[in-house]
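Descriptive structure summary
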Amino acid sequence: MATKAQVLYDFTAEPGNNELSVREGETVTITNANIGGGWIEAQNSRGETGLVPEDYIEVGKPAAGGGGGWGTGGGGGGGGGSAAPLDLSFFDSRPTTATSTTAHSQVIVAQPETPDTPLSPDTPDEASNGNDPWAAFSTDASGGFSNNWAAQPQGTETGRTSTHDPWASSTQTQPHPQAYQGPDIYPYPYLIDVDTGAEDDEWDDEWDDMKSTGGYGESEAGEGGAINRGGASGTSMKIKFPSFSKSGPELYLLSKPAPKGKDRLLVYMGEVGPIWSYPEAALDCVVADPKKGSKMYGLKSYIEYQVTPNTTNRPVNHRYKHFDWLYERLLDKFGSAVPIPSLPDKQVTGRFEEEFIKMRMERLQGWMTRMCRHPVIATSDVFQLFISYKDEKDWKLGKRKAEKDETVGAMIFSTIDPEGLPDLEPLEVEHKCEQFSRFTKAMDDGVKDLLTVGQEHWKRCTGPLPKEYQRIGKAFQNLSSVFTSSGYEGEATLTDALTEAGKTYEEIAQMVAEQPRKDLHFLMETNNEYKGLLGCFPDTIGVHKAAIEKVKEGDKLVATSKITPADKVTMAKRASTMSYALQAEMNHFHSNRIYDYNRVMRLYLEEQAKFYETIAQKLRNAHSQFTAM
């Protein structure tokens with residue numbers, strides 16, 4: 001007997017990818033449940049057959065008791081009952097421990113088969129690339145951005161409302177994490193990519209012979225959501241919780257001293273204050289040559305990019321989910337000391353369209369360039385593995401080594417060495433933290449404001465403004481036609497000049513519509529990058545503030561015999577090390593900020609000057625057609 005299943009969520013098929021569009025509440029027949037990779041083959045009531053994500057449907061028989069209850073789900077009626085809620089109260093009472101081998105932990109909890117309510121907006125996985133830690137950006141439905149340009153242009157922010165705000169609560173609910181949310185968001189990929197969806201917990205069979213966590217199973221960011229993943233979830237039907245063990249900075253402050261090895265991260269005193277040790281040769285890489293590949297005997301497709309570092313000039317191939325794995329590893333290892341901006345987020349549909357592939361490649365290039373410019377990231381083993389692995393064996397060994405790395409979270413500070421520098425006063429560091437925190441918040445507001453203004457300008461340039469120029473041009477040409485109908489022989493020069501003036505304004509209309517992609521696009525992309533980067537700083541600063549507070553409690557802890565006087569001295573010294581790291585990161589941010597905005601503003605104004613010079617020349621040419629009288 002054929003197995004029936006009920007569709008839980010709408011799913012829109014990708015054309016040419018053997019998928020089947022289904023709608024919530026629809027009944028389908030399972031024709032092949034052994035496809036694998038998170039997919040099954042199903043047939044709808046019209047006899048159409050194709051692939052459907054297995055977590056979009058619930059397999060079972062309709063309950064006899066009416067109400068549409070299915071199996072163990074609790075979607076409706078009383079026939080099927082409902083899944084028991086998960087009891088997570090034991091996490092709240094979990095004792096403080098410093099024995100964990102990693103600074104962060106992660107609990108993966110299977111979702112009930114039929115979710116009665118959408119995922120909580122506090123779920124870290126659902127945070128968009130624009131995690132809003134400042135709670136100062138527009139909280140209206142559009143987040144200050146319209147989701148409909150005049151065919152929403154490439155290179156700006158959709159302004160999707162933040163789903164994780166550590167400084168403000170939210171009542172906004174979220175849809176199913178893989179639900180398609182409408183074409184008006186394209187070309188902004190702030191959705192889950194089916195290509196990196198349920199099957200992305202498994203690496204390609206030809207790459208790996210065992211199931212990998214894909215960066216999600218080992219550990220996740222720390223206390224109370226600090227250092228949460230900025231992008232959307234890469235897996236479906238799983239909820240990631242932040243660590244409930246108290247593995248914050250005290251894990252490092254009170255740990256046994258680790259031997260200083262080759263992984264030392266040196267901090268020096270430069271002209272502007274503490275700075276990281278930069279390599280002599282700057283690292284760079286190129287993300288290019290996207291190619292479409294397939295797996296599961298051609299049933300599923302994906303896009304693979306070539307990454308070519310300047311150190312080897314030898315390309316290596318990576319899919320988006322491999323970039324996602326790198327992001328998770330970097331976040332795990334360095335996130336307490338170095339803000340790691342999120343990747344460009346994932347997309348449900350249109351992921352094989354040329355414009356989307358081009359945009360994703362450009363944003364991956366921007367992300368990789370930023371990582372290459374950071375001396376700590378660029379020289380790390382995991383990053384070097386990603387850009388220069390030699391073969392399949394080298395990749396698999398390096399990947400597993402990275403996933404077993406215990407120097408993660410707050411323990412990364414054990415590798416930092418402010419060589420020969422004196423210990424810092426906590427009050428001085430606290431003052432600098434507050435000053436930098438105020439600056440980053442103000443810059444975050446300024447960046448978001450510029451994104452809003454930029455998008456409004458782009459909408460005008462691709463919508464009403466060209467139409468105005470077109471109307472002027474047509475009006476001139478219509479007047480020329482009227483003059484021609486007079487039959488007067490001496491006005492040919494005038495009518496021809498009027499016609500040329502009309503054509504000139506139509507050409508200007510086309511130039512106005514195309515110009516944002518030549519200049520505003522790059523300004524918007526730079527601001528979009530900084531919007532994501534600035535959203536990481538509250539967590540990074542929060543780690544240091546927590547360390548300073550712990551040091552302030554030193555006398556009390558000694559008095560209650562929780563630590564020894566020697567431990568108190570060690571805590572103060574290690575907090576100083578953390579402070580040097582923070583100040584080095586501040587100075588790295590400022591130097592990059594000055595470079596980036598100087599570069600992008602020069603480019604923007606150069607293109608604007610060319611644009612207006614071209615328009616001026618066209619108008620002069622039109623002017624010359626009229627006879628001086």
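Residues numbered from 1 in each chain as written. Predicted model: local features only at pLDDT ≥ 70, side-chain atom pairs only at ≥ 80, totals over all residues. Heavy atoms only, no water.

1. Side note on the overall build of the protein chain
Worth spelling out the cut-off: The helix and strand labels rest on DSSP assignments: H or I over at least four residues marks a helix, E over at least two residues marks a strand, and numbering proceeds from the N terminus. We call a residue buried when its accessible area falls under 20% of the maximum for its residue type, exposed when it is over 50%, and partly exposed in between, using a 1.4 Å probe and counting protein chains only. Any two residues whose heavy atoms approach within 4.5 Å at even a single point are treated as in contact. Areas reported here follow the Shrake-Rupley algorithm with a probe of radius 1.4 Å; residue values treat only the protein chains shown as occluding.
From N to C terminus, the protein chain includes 14 helices and 13 strands. Looking at the protein chain residue by residue over its 629 residues, the buried ones come to 52%. A separation of at least 24 residues holds for 73% of the contacts in the protein chain among residues at least 6 apart in sequence. Surface accessibility of the protein chain: about 29,000 Å² in total, with carbon and sulfur atoms responsible for 54%.

2. Let's talk about the packing of aromatic side chains
Note the following rule: Note on ring pairs: Phe, Tyr and Trp rings are taken, using the six-membered ring of Trp, and paired if centres are within 6.5 Å. Classes follow the plane angle, with under 30 degrees stacked, over 60 edge-to-face and the rest tilted.
Counting across every chain of the model gives 17 aromatic pairs. With a centroid separation of 6.0 Å and 90 degrees between ring planes, the pair formed by Phe-436 and Phe-589 is classed as edge-to-face. Separated by 153 residues along the polypeptide, Phe-436 in helix α8 (residues 426–462) and Phe-589 in helix α14 (residues 565–624) bring together distant segments of the chain. Overall, the relative accessible area of 3% leaves Phe-589 in the buried class. An aromatic cluster of three or more residues is present, and its members are Tyr-305, Phe-323, Trp-325, Phe-386, Tyr-389 and Trp-395.

3. Remarks on the side chain of Arg-370
To be explicit about the condition: Polar contact criterion, stated in full: a pair of N or O atoms within 3.5 Å, where within protein one must be able to donate a hydrogen and the other to accept it, and residues adjacent in sequence count only if both atoms are side-chain atoms.
One can find Arg-370 in helix α4 (residues 354–372). Within the structure, Arg-370 has its side chain in polar contact with the side chain of Asp-596 (distance 3.1 Å). When residues no more than four places from it in sequence are discounted, the contact partners of Arg-370 are Pro-341, Glu-529, Tyr-530, Leu-533 and Asp-596.

4. Observations concerning the pairing of strand β11 (residues 300–309)
Our working rule: Strand pairing requires that DSSP identify at least two bridges connecting the strands.
With eight of its 10 residues buried, β11 lies for the most part within the structure. Pairing of β11 with strand β12 (residues 316–319) involves four bridges; the strand directions are antiparallel. Opposite Val-307, over in β12, you have Val-316 as the bridge partner. A loop of six residues connects β11 with β12, the two strands running antiparallel in sequence, and Asn-313 in this loop sits at a positive phi of about 55 degrees.

5. Focus: the pattern of salt bridges
Note the following rule: By definition here, a salt bridge exists when the distance from a side-chain nitrogen of Lys or Arg to a carboxyl oxygen of Asp or Glu is within 4 Å.
If you walk through the whole model with that rule in mind, you get 28 salt bridges. Its salt-bridge partner being Asp-332, residue Arg-329 comes within 3.0 Å of it at the nearest N-O pair. Note that Arg-329 and Asp-332 are positioned in helix α3 (residues 320–334) at a spacing of three residues, about one turn of the helix. Salt bridges here are not isolated pairs; linked through shared partners, they connect Arg-370, Arg-373, Glu-529, Asp-596 and Arg-599.

6. Brief notes about the layout of surface pockets
Rolling a probe over the atoms, with the probe sized like a water molecule, indicates the empty space that remains. Rules: Grid points spaced at 1 Å over the protein atoms alone were grouped into cavities, where a 1.4 Å probe fits but cannot get out, and pockets, open sets with protein on both sides within 12 Å along at least five of seven lines, with lining residues defined by an atom within 4 Å of a point. Grid points are joined across faces, edges and corners, and a volume is the space filled by probe spheres set on the points. As a working rule, the residues Ala, Val, Leu, Ile, Met, Phe, Trp, Tyr, Cys and Pro are called nonpolar, Asp, Glu, Lys and Arg charged, and the rest polar, with Gly in that last group.
By volume, the second largest pocket is sized at about 610 Å³. The set of elements that each furnish at least two residues to the lining of the second largest pocket consists of α4, α11 (520–534) and α14. Of the residues in the lining of the second largest pocket, the class split is eight nonpolar, nine polar and eight charged.

7. Remarks on the side chain of Ser-579
Within the fold, Ser-579 resides in helix α14. Relative accessible area serves as the criterion here: at 5%, Ser-579 is assigned to the buried category. Apart from the residues lying within four places of it in its own chain, the contact partners of Ser-579 are Leu-424, Val-429 and His-544.

8. Examining the sheet that holds strand β13 (residues 416–417)
Heads up, the rule is: Lines fitted to C-alpha atoms define the axes here, with helix axes fitted over just the stretch in contact, and angles between the N-to-C directions of these axes take values from 0 to 180 degrees.
The strand order β9-β8-β13 describes an open sheet built from three strands, whose pairing is mixed. Of all strands in the sheet, those bounded by a partner on one side alone are β9 (273–276) and β13. Bridge count for strand β8 (residues 265–270) against β13 is two bridges, and the pairing is parallel. Across the sheet, the residue bridging to Leu-266 is Asp-417, located in β13. Where α14 meets the sheet, it contacts β8, β9 and β13, and its direction lies at approximately 80 degrees from that of β9.

9. Some words on unusual backbone geometry
Backbone geometry at Asn-313 places phi at a positive 55 degrees, although glycine is not the residue there. Positionally, Asn-313 belongs in the loop between β11 and β12. You can call Asn-313 exposed: its relative accessible area is 59%. Of note in the backbone geometry, Ser-561 takes a positive phi value of approximately 60 degrees without being a glycine. Take Ser-561: it is sitting in the loop between α13 (554–559) and α14. You can call Ser-561 exposed: its relative accessible area is 63%.

10. A few points about the sheet that holds strand β4 (residues 49–53)
Read across the open sheet, the five strands follow the order β4-β3-β2-β1-β5; overall the sheet is antiparallel. What marks the edges here is a single partner per strand, and that holds for β4 and β5 (57–59). Going across the sheet, the axis of each strand differs from the next one's by a mean of 45 degrees, ignoring polarity. Direction of pairing for strand β3 (residues 39–43) relative to β4: antiparallel, over a ladder of five bridges. Residue pairing across strands places Glu-41 opposite Leu-51, the latter belonging to β4.

11. Some details on the packing of α8 against helix α9 (residues 464–484)
Condition: Put simply, angles under 35 degrees are roughly parallel, angles over 145 are roughly antiparallel, angles from 65 to 115 are roughly perpendicular, and the rest are oblique.
Running from N to C, α8 and α9 point in directions that differ by 30 degrees, and their axes come no closer than 3 Å. Here α8 lies roughly parallel to α9, going by the angle between them. Taken together, the residues of α9 that come into contact with α8 (itself represented by Lys-459, Arg-460, Cys-461 and Thr-462) are Pro-464, Leu-465 and Pro-466. Each residue belonging to the contact of α8 with α9 can be placed in one class, and the counts come to four nonpolar, one polar and two charged.

12. Examining empty space enclosed by the protein
Evaluated as defined, the whole model comprises six cavities of 30 Å³ or more. Counted as a void, the second largest cavity has a volume near 130 Å³. Considering the residues around the second largest cavity, the lining is formed by 14 residues, among which Arg-370, His-374, Leu-533, Glu-585 and His-588 are closest to the centre. Of all the secondary structure elements, the ones that give two or more residues to the lining of the second largest cavity are α4 and α14. Split into classes, the residues belonging to the lining of the second largest cavity amount to nine nonpolar, three polar and two charged.

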